[in-house]
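Examination of the molecular architecture
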Amino acid sequence: MLKLITFPRVSLASQLRGIKIISRYYSIARNSKVYPEEISLDGKTYKTDEWTNVPPYILELTQRRLHHDNNHPIGILRELIEKNFKGMGYTFYNDFTPGVTTFQNFDVLGFPQDHPGRSKSDTYYLNKDNLLRTHTSAHEHECFQTCETPGYVISADVYRKDEIDRTHYPAFHQMEGARIWTKSDKLEEIIAHDIEQIPKTNIIVEDPFRENCFNEGNPKQDYMTDNEVYLVSVHLKKTIEYLVNQVFEAARKSAKLAGSTEPYLNEPLKIRWVEAYFPWTAPSWEIEVWWKGEWLECCGCGIVRQQVLLNSGLGEEKLGWAFGIGLDRIAMLLFGIPDIRLFWTLDERFGKQFSSGNINTFAPYSKYPGIKRDISFWLPKDVTLHNNEVMDIVRTHAGDLTESVENIDNFVHPKTGKRSQTYRLNYQSMDRNLTNSEINVLHNNVEQDLKKLFDVEIR
Ligand code: DAH
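Only a predicted model underlies this, so the values are computations on that prediction, with no experimental measurement involved.

Overview of the packing of helix α8 (residues 226-257) against helix α10 (residues 328-335)
In the contact formed by α8 and α10, the axes pass within 8 Å of each other and the chain directions differ by 30°. On the basis of the axis angle, α8 is roughly parallel to α10. Each of Val247, Phe248, Ala250, Ala251 and Ser254 in α8 lies in contact with α10, whose residues at this interface are Ile330, Leu333 and Leu334. For the contact of α8 with α10, the residue count by class is 7 nonpolar, 1 polar and no charged.

Structure follows, in structure tokens:
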């Protein structure tokens, strides 16, 4: 609460807009978390069930809407890309809220029932039929139905259960693009003309699949001719190359302005295309960008499967492409931000460094000291405990004060056969000093939950 009052750039109201948080959102019964009967999110109410697994600290993130903040690196990057796509026939959608159905996120895109992305260990479910979108592709169905321009660009926050470290966070941002044409006698001429309209770049392109754009392993769809696939794929790839060029040229400019003289800043930008697989596109590719001596995967794409278009009520004469690009890692490069968690800080020493339309290099500020606590316990005979489970409990109580959770010791008692584990918990705030007494309370809650959930015996 303190940090919200001290740093009012994101008001409490805007943080909590649209979600009803029950004070102790879930209680812990022996061996299972008990959720409230209902979760309200963005004006909708979801009845919880055995699929519900979204903790309160994740629900809170859904209200931050960083991509809307023009003074935040994520919002500045979104604006930069949109600015470069203005007037090219795309509608921009930035207001989709993150609660979607499993139909939107998976079924309509052709995800098989046993796809790992559907599992509770990968995805945050509100209940069996509703979840926090794991990608912006969840809105393709809706946009194909409603979009009145040839193409669209969606920006949004997405959620995946993930470990937390310097480059991973369970909430991040994606931008989805798509473009549709209608079959006619003139189709090939029209696409060729549209390709000409894409601004040229000086990028060095490595693409073994430019001419021969499909093969047995990465097949084309029967309803398209070879030349249609070729033309649509060239339009798609040139569009993404243009996007990547604009963004990385901006990154280069910003690094030079900040005084960097590293040699890579004077080399032409280099990208390569590799083959990929996505359930809703065929053929599919990924673009990788050569940046500071490594290949960065940055964007998946492909030619949309006809079934997806038909599912959205489009006719058999429609064809087109789609792509999805992650914004956070690119924003980290663009702004020189060393840790993805900084995007979520409310510290004004972060926020005041960025302003609409400007790409500047982040100036690090000193970290507040953290507080370290070890916790050791005996496990009951048949219980195994994973780092993620401990992480989940710690984050439930400490939220973003959780810096890291590490399993530092395991052993089996030679006489009793009992197993012992030790975890090291580092608590740290990005925006203030922590007090021992507040950490005592949180840490005690963690211990209590470990006892209740896993029956451990604290040593
Ligand atoms: N949704 C994909 C992901 O999150 C990215 C993506 C790949 C989007 C291919 C697309 C696409 O629209 O055609 O990894």
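Some points on the pattern of salt bridges
Taken as a whole and assessed by the stated rule, the structure comprises 21 salt bridges. The salt bridge partner of Glu228 is Lys183, with a shortest N-O separation of 3.3 Å. Of this pair, Glu228 sits in helix α8 while Lys183 sits in the loop between β10 (171-182) and α7 (187-197), placing them 45 residues apart in sequence. Given a relative accessible area of 8%, Glu228 falls into the buried group. A salt bridge links Glu457 to Lys418; the nearest nitrogen and oxygen atoms lie 3.3 Å apart.

Looking at the pairing of strand β12 (residues 270-278)
Within a regular strand, the side chains alternate between the two sheet faces. Bridge analysis of strand β11 (residues 204-206) against β12 gives 3 bridges, and the strand direction is parallel. Bridging from a neighbouring strand, Val205 pairs with Ile271 of β12. Of the pairings in the sheet, the one linking β12 to strand β13 (residues 281-291) comprises 8 bridges and is antiparallel in character. Within the sheet, the bridge partner assigned to Val274 lies in β13 and is Glu286. Hairpin geometry of β12 and β13 is characterised by an intervening segment of 2 residues between the two adjacent antiparallel strands.

Overview of α10
Counting buried positions over the 8 residues of α10 gives 6, a clear majority of the element. Of the positions making up α10, those classed as buried are Asp328, Ile330, Ala331, Met332, Leu334 and Phe335. Turning to α10, the residues buried within the fold contact α4 (73-85), β10, α8, β14 (294-304) and β15 (318-326).

Here's the deal with the site of the ligand
Surrounding the ligand, one finds 15 residues, the nearest of these being His135, Ser137, Arg160, Gln174 and Glu176. Contacts to the ligand include Glu140, whose side-chain N or O atom sits 3.1 Å from an oxygen atom. A majority-of-atoms criterion places the ligand in the second largest pocket. Of all the secondary structure elements, the ones that give two or more residues to the shell around the ligand are β10, β14 and β15.

A closer look at the confidence of the model for the protein chain
When pLDDT is averaged along the protein chain, the result is 90, and 93% of the positions lie at 70 or above. Contacts for the low-pLDDT stretch residues 1-27, under 50 throughout, to residues beyond four places or in other chains number 63 contacts.

Quick look at the state of the cysteines
The final tally for this structure, using the stated rule, is 0 disulfides. Of all cysteine sulfurs, the one in Cys143 lies closest to Cys147, which takes part in no disulfide; the gap is 6.7 Å.

Focus: the nonpolar core
The biggest cluster of nonpolar side chains holds 132 residues, and the ones touching the most others in it are Phe343 and Leu450. In terms of residues, this core owes the most to one element, α8, which gives 14 residues. Setting aside anything within four residues of it in sequence, one finds Leu450 in contact with Ile375, Phe377, Leu385, Val390, Ile393, Asp455 and Val456.

Examining the pairing of β13
With 10 of 11 residues buried, β13 is to be regarded as a mostly interior element. When β13 meets β14, the two strands line up antiparallel, connected through 9 bridges. Bridge pairing in β14 links Ile287 to Cys299. The loop that links β13 with its antiparallel partner β14 comprises 2 residues; one of these, Lys292, has a positive phi angle of about 50°.

Looking at helix α13 (residues 436-454)
With 19 residues, α13 extends 26 Å from end C-alpha to end C-alpha; this agrees with the ideal 27 Å at 1.5 Å per step. Where α13 is concerned, the buried positions are Ile439, Leu442, His443, Val446, Asp449, Leu450, Leu453 and Phe454. For α13, the buried positions fall inside an angular range of 115° around the axis, keeping them on one side. Asp455, located one to two residues past α13, shows a positive phi value of around 60°.

Conventions and cut-offs
- Residues numbered from 1 in each chain as written.
- Predicted model: local features only at pLDDT ≥ 70, side-chain atom pairs only at ≥ 80, totals over all residues.
- Heavy atoms only, no water.
- Axes fitted to C-alpha atoms, helices over the stretch in contact; angles between N-to-C directions.
- Helix = DSSP H or I, 4+ residues; strand = E, 2+ residues; numbered from the N terminus.
- Parallel < 35°, antiparallel > 145°, perpendicular 65-115°, else oblique.
- Contact = heavy atoms within 4.5 Å.
- Nonpolar A, V, L, I, M, F, W, Y, C, P; charged D, E, K, R; others polar.
- Salt bridge = Lys/Arg side-chain N within 4 Å of Asp/Glu carboxyl O.
- Buried < 20%, exposed > 50% of the residue type's maximum accessible area, 1.4 Å probe, protein only.
- Pairing = 2+ DSSP bridges.
- Near = heavy atom within 4 Å.
- Polar contact = N/O pair within 3.5 Å; in protein donor to acceptor, adjacent residues only side chain to side chain.
- 1 Å grid on protein atoms, 1.4 Å probe; cavity = no way out; pocket = protein on both sides within 12 Å on 5 of 7 lines; lining within 4 Å.
- Sits in = over half its atoms within 2 Å of the grid points.
- pLDDT = per-residue confidence, 0-100.
- Disulfide = S-S within 2.5 Å.
- Core = buried A, V, L, I, M, F, W, Y, C linked by side-chain atoms within 4.5 Å.
- Expected span 1.5 Å × (residues − 1).
- Arc of directions from axis to C-beta.

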